Amino acid sequence: MEENDKYEPAVSGNGGEVPVSELQALKEERDGLYDRLLRKQAEFENYKKRIDRERSEFVQFASAELMKELLNALDSFDLALRNAGGDLRGFELIYKQLQDTMGRFGLKAIEAKGQKFDPNIHQAVSTHATDDVEENTIVDEMRKGYTLNGRLLRPAMVTVSTKKE
């Protein structure tokens, strides 16, 4: 109670108490300001969460350009290994090491051959008429597709089966 004694009571010009209507208006103004304060605090919390989420995504996908450039080297290794003869054990180990390193940073190859064609992750570059497999099944993969941390980085270039006529 001592703390309240520090302040003088509110009085009107005539020396009496503050009218009820004026007191009610002040309470409404206080409630409005308090409501605005709560809303601003909520907006600020949402802003902080959004910034943290965006920062996290940026860090997670900042390496996407580097990964795209390194995919060219992976493609060259893959092509050389498929078309070369002889003992290529050393090259195969380097290729595997490069794949594993990129995999630790979230790169994952899309399995395509034998799968159903999905235009979200595959790019059809040709068709092959056959009765050996079901229609719209991938029969060949010209270039591997990759995802980076679950997001498509590059679609797989594939050949899709069609029915023979």
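Anything mentioned here points back to the structure above.
Keep in mind the model is a prediction, meaning the values are calculated, not measured.

What counts and what doesn't
Residues numbered from 1 in each chain as written. Predicted model: local features only at pLDDT ≥ 70, side-chain atom pairs only at ≥ 80, totals over all residues. Heavy atoms only, no water. Patch = residues over 30% accessible without salt bridge, like charges linked within 9 Å, V, L, I, M, F, W, Y side chains within 5 Å. Areas by Shrake-Rupley, 256 points an atom, 1.4 Å probe, with all protein chains shown as cover. Salt bridge = Lys/Arg side-chain N within 4 Å of Asp/Glu carboxyl O. Helix = DSSP H or I, 4+ residues; strand = E, 2+ residues; numbered from the N terminus. Buried < 20%, exposed > 50% of the residue type's maximum accessible area, 1.4 Å probe, protein only. Expected span 1.5 Å × (residues − 1). Contact = heavy atoms within 4.5 Å. Core = buried A, V, L, I, M, F, W, Y, C linked by side-chain atoms within 4.5 Å. Pairing = 2+ DSSP bridges. Axes fitted to C-alpha atoms, helices over the stretch in contact; angles between N-to-C directions.

A. Structural context of a nonpolar patch on the surface. A cluster of nonpolar side chains, Y34, L37 and L38, forms an exposed patch at the surface whose accessible area comes to about 300 Å². Tracing the sequence through the fold places L37 in helix α2 (residues 20-61). We classify L37 as partly exposed; its relative accessible area is 44%.

B. Quick look at helix α3 (residues 64-83). Its 20 residues give α3 an end-to-end C-alpha distance of 29 Å, which sits within 8% of 28 Å, the value for a rise of 1.5 Å per residue. The complete set of buried residues in α3 reads A64, M67, L71, L74, F77, D78 and L81. On the buried face of α3, the contacting elements are α2, α4 (89-104), β1 (107-110), β4 (145-148) and β5 (151-154).

C. Structural detail: the nonpolar core. Membership of the largest hydrophobic core comes to 14 residues, with the highest contact counts inside it found for M67, L71, L74, M102, L107, L148 and L153. At the level of secondary structure, the elements contributing two or more residues to this core comprise α3, α4 and β4. Ranked by residue count, the leading element in this core is α3, at six residues. Core analysis: the next-biggest nonpolar cluster, separate from the first, contains five residues, A112, I138, A156 and V158 among them.

D. Examining the sheet that holds strand β3 (residues 138-143) more closely. Pairing is mixed across the open sheet formed by three strands, whose spatial order is β2-β6-β3. With partners counted over all chains shown, the strands left at the sheet margins are β2 (122-129) and β3, one partner each. Within this sheet the neighbouring strands show an average axis-to-axis angle of 30 degrees, counted without direction. Judged from the seven bridges that link them, β2 and strand β6 (residues 156-162) form a sheet pairing that is parallel. What sits directly across from S126, in β6, is T159.

E. Region of the structure containing the pairing of β5. Two strands pair when backbone bridges link them, and β4 and β5 are joined in this way by three bridges, in the antiparallel orientation. Within β5, the residue paired with T147 across the bridge is L152.

F. Seen up close, the sheet that holds β1. Here we have three strands laid out as an open sheet, ordered β1-β4-β5, and antiparallel in their pairing. Because the sheet does not close on itself, it has two edges, and the strands there are β1 and β5. When strand polarity is set aside, the average angle formed by the axes of neighbouring strands in this sheet is 40 degrees. Contacts from α3 reach β1, β4 and β5 within the one sheet, and its direction differs from that of β5 by about 45 degrees.

G. Molecular detail of unusual backbone geometry. The phi torsion at N136 lies on the positive side, around 65 degrees, for a residue other than glycine. Mapped onto the fold, N136 is located in the loop between β2 and β3. Taking the relative accessible area as the measure of exposure, N136 reaches 41% and is therefore partly exposed. For N149, which is not a glycine, the phi torsion comes out positive at approximately 55 degrees.

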